[in-house]
Amino acid sequence: MGYPRKLLISLEDTPYYHVVARCVRRAWLWGYDAYASKDYSHRKAWVVHRLRHLADVFAIELCAYAIMSNHYHLVLRVDRQRIAGWSHAEIVTRWTQLFSAPPLIERWQDGRASAAEQMMAEQLIERWRLRLIDISWYMRCLNEYLARRANAEDECTGRFWEGRFKSQALLDDTGLLTAMAYVDLNPVRAGIAATPEESEFTSIHARLRQFRRESLRPRQPQSGRAGGQVPPPLVPFSQSAGPDRSRIPMEFLDYLQLLDWSGRRRRAGKPGAIEQDLPSVLARLQIDADAWLRTMRPGGNLFGRAIGRLERLRAHARRLGQCWIRGVGATRRLRQT
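This report concerns the structure included in the present document. What you see is a predicted model, and the numbers here were worked out from it, not measured in a lab.

Cut-offs applied
- Residues numbered from 1 in each chain as written.
- Predicted model: local features only at pLDDT ≥ 70, side-chain atom pairs only at ≥ 80, totals over all residues.
- Heavy atoms only, no water.
- Helix = DSSP H or I, 4+ residues; strand = E, 2+ residues; numbered from the N terminus.
- Buried < 20%, exposed > 50% of the residue type's maximum accessible area, 1.4 Å probe, protein only.
- Contact = heavy atoms within 4.5 Å.
- Pairing = 2+ DSSP bridges.
- Polar contact = N/O pair within 3.5 Å; in protein donor to acceptor, adjacent residues only side chain to side chain.
- Phe/Tyr/Trp six-rings, centres within 6.5 Å; stacked < 30°, edge-to-face > 60°.
- Core = buried A, V, L, I, M, F, W, Y, C linked by side-chain atoms within 4.5 Å.

1. A few points about the overall build of the protein chain
Helix and strand counts for the protein chain come out as 15 helices and seven strands. Counting every position in the protein chain, which comprises 337 residues, the buried fraction comes to 51%. Partitioning the contacts of the protein chain with sequence separation of at least 6, the portion at a separation of at least 24 is 69%.

2. With respect to unusual backbone geometry
Unusually for a residue other than glycine, Glu-155 sits at a positive phi of about 55°. Within the secondary structure, Glu-155 is located in the loop between helix H7 (135-154) and strand E6 (166-170). Look at Phe-201: it is not a glycine, yet its phi comes out positive at around 60°. Looking at where Phe-201 falls in the secondary structure, it is placed in the loop between helix H9 (186-189) and helix H10 (203-215).

3. Considerations on the pairing of strand E4 (residues 60-67)
When you tally the buried positions in E4, you get seven out of eight residues, the bulk of the element. Bridge count between E4 and strand E5 (residues 71-78): seven bridges; the pairing is antiparallel. If you follow Glu-61 over to E5, its bridge partner there is Arg-77. In textbook terms, the turn of a hairpin is the stretch between consecutive antiparallel strands, and for E4 and E5 this stretch comprises three residues.

4. Re the environment of Asp-79
Mapped onto the elements, Asp-79 comes out in the loop between E5 and helix H3 (80-84). If near-sequence neighbours (up to four positions away) are discounted, Asp-79 is found in contact with Ala-59, Glu-61 and Ile-133. At 3.4 Å, the side chain of Asp-79 and the backbone nitrogen of Gln-81 are in polar contact. At 3.1 Å, the side chain of Asp-79 forms a polar contact with the backbone nitrogen of Arg-82.

5. Focus: the packing of aromatic side chains
If you walk through the whole model with that rule in mind, you get ten aromatic pairs. Where Phe-58 meets Tyr-138, the ring centres are 5.4 Å apart and the plane angle is 75°; that geometry is what we call edge-to-face. Of this pair, Phe-58 sits in the loop between helix H2 (43-55) and E4 while Tyr-138 sits in helix H7, and the two are 80 residues apart along the sequence. Tyr-138 carries the same exposure label as Phe-58, and that label is buried. Ring geometry for Phe-99 against Trp-137: centres 6.1 Å apart, planes inclined by 85°, an arrangement best described as edge-to-face. Remark: Trp-137 occurs in helix H7 and Phe-99 occurs in the loop between helix H4 (88-95) and helix H5 (103-110); sequence separation between them is 38 residues. For Phe-99, a relative accessible area of 28% translates into the label partly exposed. Members of the aromatic cluster, connected to one another through ring pairs, are Trp-95, Phe-99, Trp-128 and Trp-137.

6. Observations concerning the nonpolar core
Of all hydrophobic cores here, the largest spans 59 residues; its most connected members are Phe-58, Leu-74, Ile-135, Tyr-138, Met-139 and Trp-161. Here this core gets nine residues from one element, more than from any other, and that element is H7. If near-sequence neighbours (up to four positions away) are discounted, Phe-58 is found in contact with Arg-82, Trp-86, Arg-94, Leu-98, Arg-131, Leu-132, Asp-134, Trp-137, Tyr-138 and Cys-141. Membership of the second largest hydrophobic core comes to 25 residues, among which are Leu-170, Leu-176, Met-180 and Leu-185.

Shape descriptors only; they carry no functional weight alone.
In C-alpha cells:
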C-alpha cells in the first residue's frame, strides 16, 4: 500500500532523505540505448545543471548524487533553520527564478498593494516558504524540467518518468552514511566504472576533483569544471557536525576509506576475511562488517522507506501509524549488540 508523501517525509524525524527517480519502463533515456542505437548520455549534464540551479532556490542541500543511464539517486538535506531567516523579499526572489510572479506579488513589490492585498501577498509568500523546504516541490521542479526538455528534443509527448519518485528517510548518522555510500558506489556496482574516482556524474567524483584541486602544491588556477559542467554544491564533511546535523559527521578521508573498503570487498567477494582490515570509522559507528557488505551489493537495499537505528525505525513507524516497518531485521544484523 502506498503512503501519502506528507507521511513518508517527516522533518521532525530527520532532515535527510534518499530519493530515486526512474525513467519510464526503465528505458535507457540517459545513456546509450542499444535497442534504438541512440546515445542520450548528454542528458546527464542537464541533471547536473538543474541541481545546481535548484541549490540557488531551495533550502534543500545535496549530500550525494549518482546519475545513471535510466535513473538517478539523490541524498538530500532539508535546512529549515536557514529558510527561517529569509525575508519575504528573498523568498520572492528565489521563487520567481522558477515561476513567474502573479500580479498581486508585483503590486506588493512596487508598494502599490492595499492593506488587504499586502496581507494576501504575505500569506502567499509564506506558502512559498514552505514549498522551498518541500522535497516534493524540489523533485517536481527537477523532474518536470527534465521531462519537458527530453520530450522537446525527441519531438514527442507522454510520460518520461515511470511514476512518482521513491523516498527513504535517513533517521541517523548511520543511515545517512549507508545511503551515501550506496549512492556513490552505484556506478561501480553496475560495472560502469572500476573505481569511485572514475564514476562520472556522481558526488564522489565531484568531491575528489575538489579534493585534488585543494591538495595541489603550489596551488594552480582551476576551472572547477568536470566535463564542461560545474558540479552542484555539496554538504561538507566535518567530524564536529553539531546538534543541527548540518554537516556529514565524518572526516572526508575516513569516508573515502569506508567507500574504498566497501567497494573492494564487494568486488573481491571476500566478506569472511575483512575483520582485520576494517577502517576505524566502522568501529566508531559499531557497524558489523558482513551486514554492511550486504547493503552494498547490487539489489542489496535491505531497507524500505527508512534507514536508521532500531529505536529510530520503530519511532518512525509509530509516526506512520504502522506496527512494523521494513528494515528492522536488517538493522538488527547491521548493528552490533
